[in-house]
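Observations on the three-dimensional arrangement
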Amino acid sequence: MDVQNQKESIARVKAVDGLRGLAALMVVLNHLIVVFLPAVYWGSEGSTVELFLGETPLNFFLNGDSGVGIFLAITGYGTYKVMQKNADRITKCVLLRYIKLLILTIVGAISVIIVEKARINYYGEVKILTGTIWLGDFSPAIDNFLVMLKYKPLYNLTVYNPTLWTMKYIFSGSMMSVILSALINKKRHNKVAVAGIMAICFFTILNFNEICYMACFMGTCLAFMEDEIHIRIKWYWELVLGLVAIYLCGYPTGKIPMFCFYKYLPSNKYGFYHLIGVCILLLITLKGKYMKTIMKTWIAQFLGNNAMGIYAIHFSIIISFSSYMYLLNILKNYHIVTKVILVFLLSILVICLGGYCVSRLIKKDIIYIEKVYSKLIIETDEKKGYIE
């Protein structure tokens, strides 16, 4: 029985990793869309296909806000699981989480600085051609890097790489999840009541459009309730819930829907729709057979294992390599759709390669820091007489 539970636990971890990979892909596609096909996101001047695509459930795969929500829900889920196993090493968990996010933020910022210094930032030229309004006149003051690094780097370094704004939410959300996990662990005798009361309080305090902290909170609650839900979702319910999740997560963010798919839903609650969709996705990933199988495929696992590296590096690649490819004379005679598809495919390959390299670098650094930290803890315990 213990062996079976261990196998199921490993399968759930792999499935959640795959879901994280899906989230990374959604964010990358979203940022490619807002640069090269802005009408899909904002609904401004564009072809009927672009305008329609941004208002159908297919927008799920292009919706970066929902991708960020998945990231944060997994952060809450993972924090609770880590706290369960290492409740006596909270300091270590917090420290390593901060260092990991800090390294990612620095790498993401430095990659943009390299692009600027090498003068291979072609975003301004692409902006004129596509009419995108994303980022405005993006021109980071690269000479102030050390000053920005010294004071609140998780917040200040976003001036170099705007896509890194989520790092502060991931860290703050994980700290919130640490506190919630500690509170929950003291109330094991009545999990349902505690989760219900906490959810009511949380939804009362926060605005429904604030998906970031709410996603972390809901991820923590799902992890908290997971052991109590002794059911496996049937395939037909898994299909229905999956379609509902795709529908809700695909609700457009940058424009008010005009077509039949979403126009009947209030447009000022898109964050709430995304949140519910994200929670459903995480639930069927944990309790559904087929969703778990999909998320354990090698593509999903590769993306999941390198998700944070992909997230950190993709912006600098979009404003350099992707923009350069879009401007190539050899592609000017292609139809816009064909041209964009080629740029997207090549960009994703380069981003995945860059993300893999960054992830390997970070894993080596974290392993080294963890060894140093563990050595210091053992030496401290020996001095205090805890270890003979």
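None of the values given here were measured: they were computed from a predicted structure.

1. Structural notes on a positive patch on the surface
There is a patch of like positive charges on the surface, built from K100, R360, K363 and K364. Sort the elements by how many residues they give to the positive patch and helix 17 (residues 336-384) lands first, with 3 residues. With respect to the element layout, K363 can be found in helix 17.

2. Quick word on unusual backbone geometry
We note that R119 has phi near 60°; this positive angle belongs to a residue other than glycine. Within the element layout of this structure, R119 appears in the loop between helix 5 (90-117) and helix 6 (123-130).

3. Here we look at the packing of aromatic side chains
In this structure the tally under the stated criterion is 18 aromatic pairs. Relative to Y311, the ring of F71 lies with its centre 5.6 Å away and its plane at 75°, an arrangement referred to as edge-to-face. Residue F71 is located in helix 4 (residues 64-85), and its partner Y311 is located in helix 16 (residues 307-327); the two are separated by 240 residues in the primary sequence. Given the relative accessible area of 5%, F71 is considered buried. An aromatic cluster is built from Y247, Y251, Y262, F272 and Y273, whose rings are joined through pairwise contacts.

4. Topic: the packing of helix 12 (residues 235-249) against helix 13 (residues 270-287)
Two elements in contact, helix 12 and helix 13, have axes whose closest approach is 8 Å; the angle formed by their N-to-C orientations is 150°. Relative to helix 13, the element helix 12 is oriented roughly antiparallel. For the element pair helix 12 and helix 13, the recorded crossing hand is left-handed. Touching E238, L241, G242, V244, A245, L248 and C249 of helix 12 are Y273, H274, I276, G277, V278, I280, L281 and I284, all from helix 13. Class assignment for the residues of the contact of helix 12 with helix 13 results in 11 nonpolar, 3 polar and 1 charged.

5. Some remarks on the confidence of the model for the protein
On average, the protein scores 80 in pLDDT, and the residues at 70 or more come to 76%. This model gives residues 384-388 a pLDDT under 50, and the stretch forms 4 contacts once residues within four places in sequence are excluded.

6. Side note on helix 12
The end-to-end C-alpha distance of helix 12, which contains 15 residues, comes to 21 Å, matching closely the 21 Å that a straight helix rising 1.5 Å per residue would cover. Among the residues of helix 12, those classed as buried are E238, G242, A245, L248 and C249. Looking down the long axis of helix 12, one finds its buried residues gathered within 130° of arc, a one-sided arrangement. Against the buried residues of helix 12 lie helix 4, helix 13 and helix 14 (289-295).

Conventions and cut-offs
- Residues numbered from 1 in each chain as written.
- Predicted model: local features only at pLDDT ≥ 70, side-chain atom pairs only at ≥ 80, totals over all residues.
- Heavy atoms only, no water.
- Patch = residues over 30% accessible without salt bridge, like charges linked within 9 Å, V, L, I, M, F, W, Y side chains within 5 Å.
- Areas by Shrake-Rupley, 256 points an atom, 1.4 Å probe, with all protein chains shown as cover.
- Salt bridge = Lys/Arg side-chain N within 4 Å of Asp/Glu carboxyl O.
- Lys, Arg positive; Asp, Glu negative; His and termini not counted.
- Charge placed at Lys NZ, Arg CZ, Asp CG, Glu CD.
- Helix = DSSP H or I, 4+ residues; strand = E, 2+ residues; numbered from the N terminus.
- Phe/Tyr/Trp six-rings, centres within 6.5 Å; stacked < 30°, edge-to-face > 60°.
- Buried < 20%, exposed > 50% of the residue type's maximum accessible area, 1.4 Å probe, protein only.
- Axes fitted to C-alpha atoms, helices over the stretch in contact; angles between N-to-C directions.
- Parallel < 35°, antiparallel > 145°, perpendicular 65-115°, else oblique.
- Left-handed = near helix turned anticlockwise from the far one by under 90°.
- Contact = heavy atoms within 4.5 Å.
- Nonpolar A, V, L, I, M, F, W, Y, C, P; charged D, E, K, R; others polar.
- pLDDT = per-residue confidence, 0-100.
- Expected span 1.5 Å × (residues − 1).
- Arc of directions from axis to C-beta.

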